[in-house]
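So the chains spell out like this:
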Amino acid sequence: MPALGIDTSNYTTSVAVFDGVGGENIGSMLRVREGELGLRQSDALFQHVRQLPALFAALREKGLLHSITAVAASTRPRQVEGSYMPCFLPGESMGRALADALDVPFYPVSHQQGHIAAAAWSAGRMDLLETPHLAWHLSGGTTELLLVTPRGPELYAEILGGSTDISAGQLIDRTGKLLGLPFPAGKALDALAEICDTQAYPVKIDGLTFSLSGMENKVGEMCKQGVPHTRIATFVLATVCGVISRVTDEARALYPALPVVCSGGVASSHVLRAGLEEVLFAVPEFATDNAMGAAILAYRNRKGGA
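Structural notes, computed from the coordinates. These figures come from a predicted structure and were not determined experimentally.

This part covers the sheet that holds strand β3 (residues 23-29). The mixed open sheet is built from five strands, whose spatial order is β3-β2-β1-β4-β5. For this open sheet the edge positions go to β3 and β5 (106-110), each flanked by a neighbour on one side alone. Strand-to-strand, the axes of this sheet are offset by a mean angle of 20°, without reference to chain direction. Helix α3 (residues 111-122) rests against β1 (3-8), β2 (12-18), β3, β4 (70-76) and β5 of the sheet, and its axis sits at about 90° to β5.

Here is the structure:
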C-alpha cells in the first residue's frame, strides 16, 4: 500500500513514495539569483508549479506511481494555528487533486512533521514515531528543540526551546554570503570547515533558549579582519554545535529517558554530526528538505485509518 508525499518548501520541490519499509524521494532545488539570500514567496510558488510535473514524471518512469493508496502534502510550516507560507500551496493543490482523481485519502501535514518523520526513518528508528522523543529542527528558517508526542498516526510537536532570533541556517547563509559562497551556503561552508579545537563563540543560554545574533556580528568582524575562510567556517559551525550540545544536555536533565534526533538541513553538517554525542541524525539526503516524511505520514495515517 504505497503512499505518496509532496513537499514544496521555500527552497526545494520534492515528491516521494513510501511503501512501509523504504521508498524513493526525488527533489529539485529552486533557483536563487546570485548574491541573494533567498526567494520571494511568489517566486518560490511559481518555480514549484513549473517543477512538479517533471518530478512526477520521474516517479512514473521508475514505476513508482502504481497502486497509490494515500497522498499527503506539506500544507504549512508547523502544526500550529496561523502557521502559513504561500510556497506550500502548489504541493497542497496538487496533492488534493491527485487524491480525488485516485479516490484515496488526502492528509495535510506540516513541513516540520515531515522533517521529524524522515529523520526517524532514515536513522533506522521508525519506533520513535510511536513514542515521545526530543527533536531538533535545524534549518534555514528554524532552530527549535521540540518535544514530539505521537497520538495515533499523528505527530504533535511542542516547542521547548531554540533560537530566539535568527536561525542556525540563517547564520550559515549570511556567513556564506560574506565569504562569497553560493546560496544556500550549508554544504559549501561545511566543506570549508574542519573538525578541530577551534574555540567557539560563547553563546549565552537561558534555560533551553539562546540568541545567535551576536554571533552574526562576530563573523562580520572576523571577515573585516581577514581571518581565513576555513577558520571562519569552522568557528561558525563549532559555535552552532556547541550551543546545540549545551541545550541538549539541559533538555536531557528535564527529560532523561527520551532519545534525541536531529533533522533539517543544518543537521547534515559533518561538524555537528561529529560533535553531538548520543544524538540520532537523519542521513544527509533526508536531513534537507524532502517529501519522504510526508509520504511516511500518509502511509501511517492510511494504515491507522484502515
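Moving on: the pairing of strand β11 (residues 260-263). The alternating pattern of β11 places Val260 and Cys262 and Val261 and Ser263 on opposite faces, both of which are buried. Across four bridges, the pairing between strand β6 (residues 133-138) and β11 is parallel. When the bridges of β11 are listed, leucine 134 appears paired with valine 260. Two elements, β11 and strand β12 (residues 280-281), share two bridges in a ladder whose sense is parallel. Each residue of the ladder has a partner; that of cysteine 262, found in β12, is phenylalanine 281. As a crossover connection, the stretch from β11 through helix α8 (residues 270-275) into β12 is right-handed.

Packing of helix α4 (residues 168-178) against helix α7 (residues 229-254) leaves a shortest axis separation of 11 Å and a crossing angle of 175°. Here α4 is positioned roughly antiparallel relative to α7, judged by the angle of their axes. Residue-level contacts link Ala168, Leu171, Ile172 and Thr175 of α4 to Ile232, Val236, Leu237 and Val240 of α7. Broken down by class, the residue content of the contact of α4 with α7 amounts to seven nonpolar, one polar and no charged.

Moving on: the sheet that holds strand β8 (residues 154-163). The strand order β9-β10-β8-β7-β6-β11-β12 describes an open sheet built from seven strands, whose pairing is mixed. Each edge of the open sheet is held by one strand with a lone partner, namely β9 (205-206) and β12. In the packing of α7 onto the sheet, contacts are made with β6, β7 (143-151), β9, β10 (209-210) and β11, and the angle to β6 comes to roughly 160°.

Okay, the side chain of histidine 133 next. Here histidine 133 lies in strand β6. A relative accessible area of 0% places histidine 133 in the buried class. Within the structure, histidine 133 has its side chain in polar contact with the backbone oxygen of leucine 128 (distance 3.1 Å). A polar atom in the side chain of histidine 133 sits 3.2 Å from the backbone oxygen of threonine 131.

Criteria and thresholds
Think of each chain on its own: its residues are numbered from 1, step by step along the sequence as written. Owing to the predicted nature of the model, reporting of local features is limited to residues with pLDDT of at least 70; listing and counting of side-chain atom pairs is limited to 80 or more, with chain, interface and lining totals taken over all residues. The side-chain figures draw on all heavy atoms in the structure; neither hydrogens nor water molecules are used. Each pair of strands is called paired provided DSSP finds at least two bridges between the two strands. What counts as a helix is a DSSP run of H or I of at least four residues, what counts as a strand is a run of E of at least two, and both are numbered from the N terminus. Lines fitted to C-alpha atoms define the axes here, with helix axes fitted over just the stretch in contact, and angles between the N-to-C directions of these axes take values from 0 to 180 degrees. Only heavy atoms enter the contact rule, under which two residues are in contact if any of them lie within 4.5 Å. Throughout, exposure labels follow a simple rule: accessible area from a 1.4 Å probe, protein chains only, divided by the maximum for the residue type, with under 20% read as buried, over 50% as exposed, and the rest as partly exposed. Place the viewer so that the strands point away; then a crossover is right-handed whenever the path from the first strand over the helix to the second strand goes clockwise. Small angles under 35 degrees read as roughly parallel and large ones over 145 as roughly antiparallel, with 65 to 115 read as roughly perpendicular and the rest as oblique. The residue classification treats Ala, Val, Leu, Ile, Met, Phe, Trp, Tyr, Cys and Pro as nonpolar and Asp, Glu, Lys and Arg as charged. All others, Gly included, are polar. Distance and chemistry together define a polar contact, namely a pair of N or O atoms within 3.5 Å, with one atom able to donate a hydrogen and the other to accept it when in protein, and with adjacent residues in sequence counting only for side-chain atoms on both sides.

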